[in-house]
Amino acid sequence: MSIKSFASKQFSTHLLDERRRDKARARAERERRRRGEPHRIEFFHQVDDPYSHLLAQALVELQRRYEVEVVTWLVEPPEDWAAPARALLESYSLVDARRLAEKAGFHVTSAEPPDAELVLSVQRQLAATLAAPEEPGAAATLEAAVVLGKALWGGEPVAADEGTVTDATLQATLSAGTERRADLGHYLGGTCFYGGEWTWGIDRLAYLEERLGDLGARRSSGAVESDAPIYAQPRLLEEPVPADALEAADLPDLHFFASFRSPYTWISTERVIRLAEAFGVNLRIRFVLPMVMRGLPVKRSKRVYILLDAAREARRNGVQFGPISDPVGKPVERGYSLLPWAIEQGRGNEYFRSFMTLAFSQAVDAGSDRGLRRIVEEAGLDWSEGRGYLDDPAWREEAERNREELFDLGLWGVPSFRVGSVAAWGQDRLWVLEDEYRRLALAASRHRA
């Protein structure tokens, strides 16, 4: 095992240890009680971010259900290193947030970005509800953020902001929130921090609800109509797929844009394969180079958050996560060099699954012959044949074509998916593809009838 691989395994094992997490949670709770403080959630609100608008709505409901105090900070957009494809991110977020809002039953955001002058007006009005920005923990009224956000994102008139705050005060308010977010270790808007842990958007809010429930912060049952989470991510294939609908449909392939280095790719792998099998479609693995191998920086705060978030998502989906041997660099290149061959042998899915399973749950070093041989053989392939492809550079052209198509779809990260004309990014968006397959199958069935 290489030094890098060993260090990766040791680091990830420590970071992902649930006992370490539980001890950190207990310390945070003891400190909160010692100080006599309420359950305080810090919300980092980026006014022109549609995910922030959805989260603000959810936090109003969270306050109704739990004995919590929400402190709202206004923040600036993420830095370039955290948004390496900013134009694509901003464009896609409008599409994705609308899908998410409809699924969750929240106010649906506009398909167009809000006017810059209206964004500034809302920022001014929210900044005016804050105490002096030099006071730590200054709070904006969450309800005001929701009301103004609905006008901003719904294309309605935004009340005038005369007499609110000066440019200098607004900038100081934004700077204070942005600095607070960085000090706590994050980089995105639409995020919450509570007791040492982060949640992004409404997608992860159920984790915060679960923790608050364990701490006894839930209000009496008479004040809350439902025990269900405010938003729970849809489970894949909960409803059976109608056989008659599939018989009538000629469904398109499922394109899976993936990376051997991506933990989110790993925790989506088995579900993507199951989804393709359930609808009887071909799964096309469209591998791309990891961002860091394309010269894009990934800072430590982002790496740590991704690992911690992927670990809890893995637990939710019953996927073993860790110990990890980070395959960045040579292991990815060696793994990709064999993937086209594995696909030609009709074992592409098995090889992909084997590589991800062994790298992300058993810390097998794919950079070594011993490790890669194990990956190949557990996929039911012949190592003596496969090793002949290790020096074949043809995969590089295919990886670049896949990256170009990914960008043409308006996407940039992995895992991403395409079904016909519908594309989605993220392991927590597989329901988008399932919904599309069900729609296409039902339409074909009705047409035949």
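Higher on the page you've got the structure.
Residues numbered from 1 in each chain as written. Predicted model: local features only at pLDDT ≥ 70, side-chain atom pairs only at ≥ 80, totals over all residues. Heavy atoms only, no water.

J.: I'd love a proper account of the nonpolar core, names of residues and values included.
T.: Core analysis: the largest hydrophobic core is formed by 116 residues, its most contacted members being Leu 254, Phe 321, Tyr 351 and Leu 372. Here Tyr 351 is in contact with Phe 260, Arg 334, Gly 335, Leu 338, Leu 339, Ala 342, Leu 372, Ile 375, Val 376, Ala 379 and Leu 381, once residues within four sequence places are set aside. With 17 residues, the next largest nonpolar core counts Ala 151, Leu 152, Trp 153 and Val 158 among its residues. (Core = buried A, V, L, I, M, F, W, Y, C linked by side-chain atoms within 4.5 Å. Buried < 20%, exposed > 50% of the residue type's maximum accessible area, 1.4 Å probe, protein only. Contact = heavy atoms within 4.5 Å.)

J.: Any chance you could break down the pairing of strand S7 (residues 416-419) for me, citing the residues and the numbers?
T.: On S7, burial covers both faces: Ser 416 and Arg 418 on one face and Phe 417 and Val 419 on the other are all buried. Summarising the sheet, strand S5 (residues 254-258) and S7 pair through four bridges and their orientation is antiparallel. Looking at the pairing, Phe 257 lines up with Ser 416 of S7. Here S7 pairs with strand S8 (residues 422-425) via four bridges, running antiparallel. In the strand pairing of S8, Ser 416 is matched with Trp 425. (Helix = DSSP H or I, 4+ residues; strand = E, 2+ residues; numbered from the N terminus. Pairing = 2+ DSSP bridges.)

J.: How would you sum up the side chain of Ser 93? Please name residues and give values.
T.: Tracing the backbone through its elements, the reader meets Ser 93 in helix H4 (residues 86-104). From its side chain, Ser 93 meets the backbone oxygen of Glu 90 in a polar contact 2.8 Å long. Each residue touching Ser 93, except ones within four places of it in the same chain, is listed here: Pro 50 and Tyr 51. (Polar contact = N/O pair within 3.5 Å; in protein donor to acceptor, adjacent residues only side chain to side chain.)

J.: Tell me what's going on with the packing of aromatic side chains, and back it up with residues and numbers.
T.: Within this structure, the stated rule accounts for 18 aromatic pairs. Aromatic side chains Tyr 92 and Trp 425 sit 6.4 Å apart centroid to centroid with 65° between the ring planes, which places their arrangement in the edge-to-face category. Here Tyr 92 is found in helix H4, whereas its partner Trp 425 is found in strand S8, with 333 residues between them in sequence. Among the residues examined, Tyr 92 registers a relative accessible area of 6% and is labelled buried. Over the aromatic face of Phe 407 sits the side chain of Arg 403, whose NZ or CZ is 5.0 Å from the ring centroid. (Phe/Tyr/Trp six-rings, centres within 6.5 Å; stacked < 30°, edge-to-face > 60°. Lys NZ or Arg CZ within 6 Å of the ring centre and 35° of its normal.)

J.: How would you summarise helix H3 (residues 50-65) if you had to cite specific residues and measurements?
T.: If you check H3, its first and last C-alpha atoms are 23 Å apart, about what 16 residues at 1.5 Å a residue would give, namely 22 Å. Counting buried positions along H3 gives 13 out of 16 residues, so the element sits mostly inside the fold. (Expected span 1.5 Å × (residues − 1).)

J.: Any chance you could break down the pattern of salt bridges for me, citing the residues and the numbers?
T.: In the structure shown here, the tally under the stated rule is 42 salt bridges. Across the pair Glu 197 and Arg 211 runs a salt bridge, and its minimum N-O distance is 3.5 Å. Here Arg 211 lies in helix H8 (residues 205-214) and Glu 197 lies in strand S4 (residues 197-200), a separation of 14 residues in the sequence. Residue Glu 197 is classed as partly exposed on the basis of its relative accessible area of 22%. A relative accessible area of 7% means that Arg 211 is categorised as buried. (Salt bridge = Lys/Arg side-chain N within 4 Å of Asp/Glu carboxyl O.)

J.: Residues and numbers for the sheet that holds strand S6 (residues 283-287), please.
T.: Read across the open sheet, the four strands follow the order S6-S5-S7-S8; overall the sheet is mixed. Of all the strands in the sheet, just S6 and S8 have a single pairing partner and so form its edges. Each strand of the sheet is rotated relative to its neighbour by a mean of 20°, with strand direction disregarded. Strand contacts of helix H16 (residues 394-408): S5, S6 and S7, with the helix running at about 100° to S6, the strand carrying the most contacts. (Axes fitted to C-alpha atoms, helices over the stretch in contact; angles between N-to-C directions.)

J.: Tell me what's going on with the pairing of S4, and back it up with residues and numbers.
T.: Pairing geometry for strand S3 (residues 191-194) and S4, over four bridges, is antiparallel. Residue pairing across strands places Phe 193 opposite Trp 198, the latter belonging to S4. Hairpin connection between S3 and S4: a loop of two residues separates the two successive antiparallel strands, and Gly 195 in this loop has a positive phi of roughly 55°.

J.: Got a sec to walk through the packing of helix H12 (residues 330-344) against helix H14 (residues 369-378)? Specific residues and values, please.
T.: Contact geometry of H12 with H14 gives a least axis separation of 11 Å together with a crossing angle of 30°. By the criterion of interaxial angle, the relationship of H12 to H14 is roughly parallel. As H12 packs across H14, the resulting crossing turns out to be right-handed. Residues Arg 334, Leu 338 and Trp 341 of H12 form the contact with H14, whose participating residues are Asp 369, Leu 372 and Val 376. Residues belonging to the contact of H12 with H14 are distributed by class as follows: four nonpolar, no polar and two charged. (Parallel < 35°, antiparallel > 145°, perpendicular 65-115°, else oblique. Left-handed = near helix turned anticlockwise from the far one by under 90°. Nonpolar A, V, L, I, M, F, W, Y, C, P; charged D, E, K, R; others polar.)

J.: If you had to explain the environment of Ser 110 to someone new, which residues and values would you point to?
T.: Among the structural elements, Ser 110 can be located in the loop between H4 and helix H5 (116-128). The sequence separation of Ser 110 and Phe 11 amounts to 99 residues, and the corresponding C-alpha distance is 42 Å. Not counting the four nearest positions on each side in its chain, Ser 110 is found in contact with Leu 94, Arg 98 and Trp 153.

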